[in-house]
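Geometric and topological summary
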Amino acid sequence: MPLQIQKSSWSTTELEDLRDLARTFCQKELAPNQERWAAEKKVDRELWTKAGEVGLLALSIPEEYGGGGGTFAHEAVLYEEQARSGDSAWGVTVHNGIVAHYILEYANEEQKKAWLPKFASGEMVGAVAMTEPGTGSDLQGIKARAVRDGDHYVINGAKTFITNGFHADLVVVAVKTDPDAGAQGVSLIAVETDTPGFSRGRVLDKIGLKGQDTAELNFDDVRVPAANLLGAQEGLGFIQLMQQLPQERLIIAVTAVAGMEAAIDQTIAYTKDRQAFGRPVYNFQNTKFKLAEAATEAAVSRAFLDQCIERHLRKELDVQGAAMAKLWTTERVNKVVDDCLQLFGGYGYMTEYPIARAWADIRISRIFGGTSEIMKEIISRTL
């Protein structure tokens with residue numbers, strides 16, 4: 001019997017219909033390709049257009065720009081089903097939930113009409129480039145530079161750990177337009193990747209997320225129109241990043257909780273089937289107690305996540321709340337998946353088992369989107 005998951009308070013009949021579509025797509029298009037994508041370090045480019053054809057891209061972008069006209073709840077349904085399918089390769093959370101919204105919120109009308117319909121169709125894949133080889137969570141310390149030259153900006157610098165980096169057609173790049181102004185000197189500029197001077201470095205070899213095309217990006221005198229500056233003026237980038245990071249952190253929380261629930265389901269099934277000392281592993285008191293703890297952790301995390309999603313849908317989720325959601329759920333999923341892997345014994349260490357891949361994949365959740373330590377710092381400032 002699988003883990004009993006309480007229906008989310010924000011769910012509707014429409015969203016459950018979408019869930020059925022998303023589950024079917026993820027089971028058909030994502031789950032069977034995990035080993036191949038891990039070996040190739042990227043998903044198939046055609047996956048994006050397939051998702052666009054069935055209406056799973058730009059779900060929360062208004063219909064006037066080619067999107068689905070939905071809310072964050074629609075996105076959450078897709079991300080949950082992706083996590084439950086065992087996929088960590090497809091960078092749809094970045095494309096749908098992050099990059100598309102930078103364009104929606106800060107681009108001019110002409111850019112929205114040019115780019116967002118292509119996001120919805122899968123013709124254009126989005127990425128956001130913040131992190132640099134020498135700069136992690138400290139966004140004020142970025143070195144990439146954009147210098148105004150007439151009607152253009154000239155961009156130089158390097159970025160790393162960029163999800164969708166190999167396939168990206170449009171990258172929102174965090175740059176310094178005034179290197180002496182600290183946070184007030186940061187701007188966001190959209191760069192189409194067919195622009196001369198842009199190049200991709202290697203797709204990075206990671207502990208987990210093996211199938212995700214996390215890449216290095218290089219900008220060598222990349223000239224982009226000044227109109228590609230996101231926002232009405234220079235220096236708004238740090239504020240824009242802070243405005244969008246709560247949604248990014250909530251997305252990470254969504255995938256963490258769904259991943260937790262999936263790991264528990266797998267472990268219940270395995271321990272009831274696996275025999276040791278003449279009886280199912282599940283029948284040992286330690287196994288039952290560990291799974292009871294894990295189920296409780298998941299239930300508490302789900303309740304808090306649902307509360308945060310409701311707040312976000314009402315536009316009430318603040319930076320502190322999003323930080324709490326990310327901190328709590330990512331710390332919990334790491335503990336739960338580790339405990340679940342232990343119950344698989346030696347087979348838990350074999351990459352052919354989904355629990356092993358999940359264990360490696362979820363470790364990054366305490367790092368990306370702001371480390372757990374940064375989340376604690378953010379929370380403590382409001383106490």
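None of the values given here were measured: they were computed from a predicted structure.

1. Focus: the side chain of Glu 297
Relative to the assigned elements, Glu 297 resides in helix H8 (residues 285–313). Residues contacting Glu 297, with those up to four places away along its chain left out, are Met 260, Trp 328, Arg 332, Lys 335 and Val 336.

2. Here's the deal with the nonpolar core
Soluble globular proteins tend to pack their nonpolar side chains together in the buried interior. Counting 67 residues, the largest nonpolar core has Leu 78, Trp 90, Tyr 102, Val 128, Val 172, Leu 230 and Ile 309 as the members making the most contacts within it. Those residues in contact with Val 128, other than ones at most four positions away along the chain, are Val 94, Ile 98, Val 99, Tyr 102, Ile 162, Val 171 and Val 172. Ala 144, Val 173, Val 222 and Val 224 belong to the second-largest nonpolar core, a separate cluster that totals 20 residues.

3. What about the packing of aromatic side chains?
In the structure shown here, the tally under the stated rule is nine aromatic pairs. Considering the side-chain rings of Phe 198 and Phe 219, the 5.4 Å spacing of their centres and the 65 degrees angle between planes classify their relative orientation as edge-to-face. Placement of Phe 198 in strand S6 (residues 198–203) and of Phe 219 in strand S7 (residues 215–225) is noted, with a sequence separation of 21 residues between them. The class for Phe 198 is buried, based on a relative accessible area of 11%. Judged by centre distance (6.4 Å) and plane angle (80 degrees), the rings of Phe 277 and Phe 284 are edge-to-face. Assessed through its relative accessible area of 23%, Phe 284 is described here as partly exposed.

4. Focus on the pattern of salt bridges
For the structure on display, the rule yields 24 salt bridges. Between Arg 302 and Glu 261 there is a salt bridge, with its nearest N and O atoms 3.0 Å apart. Linking Arg 302 in helix H8 with Glu 261 in helix H7 (residues 237–273), this pair joins segments that are 41 residues apart in sequence. Side by side, Arg 302 and Glu 261 carry an identical accessibility label, which is buried. Three or more residues are tied together by salt bridges with common partners; here these are Glu 16, Arg 19, Asp 20, Arg 23, Glu 80, Glu 81, Arg 84, Glu 261, Arg 302 and Asp 306.

5. Overview of the domain arrangement of the protein
Each domain of the protein was delimited in the assignment, giving domain 1 (13–124), domain 2 (127–234) and domain 3 (238–381). Computed over C-alpha atoms, the centres of domain 2 and domain 3 are 30 Å apart. Opposite the 13 residues of domain 2 that make contact, domain 3 presents 12 residues. In this assembly, domain 2 packs against domain 3 so that about 1,000 Å² is buried in total across both faces, 72% of it on carbon and sulfur atoms.

So, how was this worked out
- Residues numbered from 1 in each chain as written.
- Predicted model: local features only at pLDDT ≥ 70, side-chain atom pairs only at ≥ 80, totals over all residues.
- Heavy atoms only, no water.
- Helix = DSSP H or I, 4+ residues; strand = E, 2+ residues; numbered from the N terminus.
- Contact = heavy atoms within 4.5 Å.
- Core = buried A, V, L, I, M, F, W, Y, C linked by side-chain atoms within 4.5 Å.
- Buried < 20%, exposed > 50% of the residue type's maximum accessible area, 1.4 Å probe, protein only.
- Phe/Tyr/Trp six-rings, centres within 6.5 Å; stacked < 30°, edge-to-face > 60°.
- Salt bridge = Lys/Arg side-chain N within 4 Å of Asp/Glu carboxyl O.
- Domains from an automatic or database assignment.
- Buried area = accessible area lost by both parts, 1.4 Å probe.

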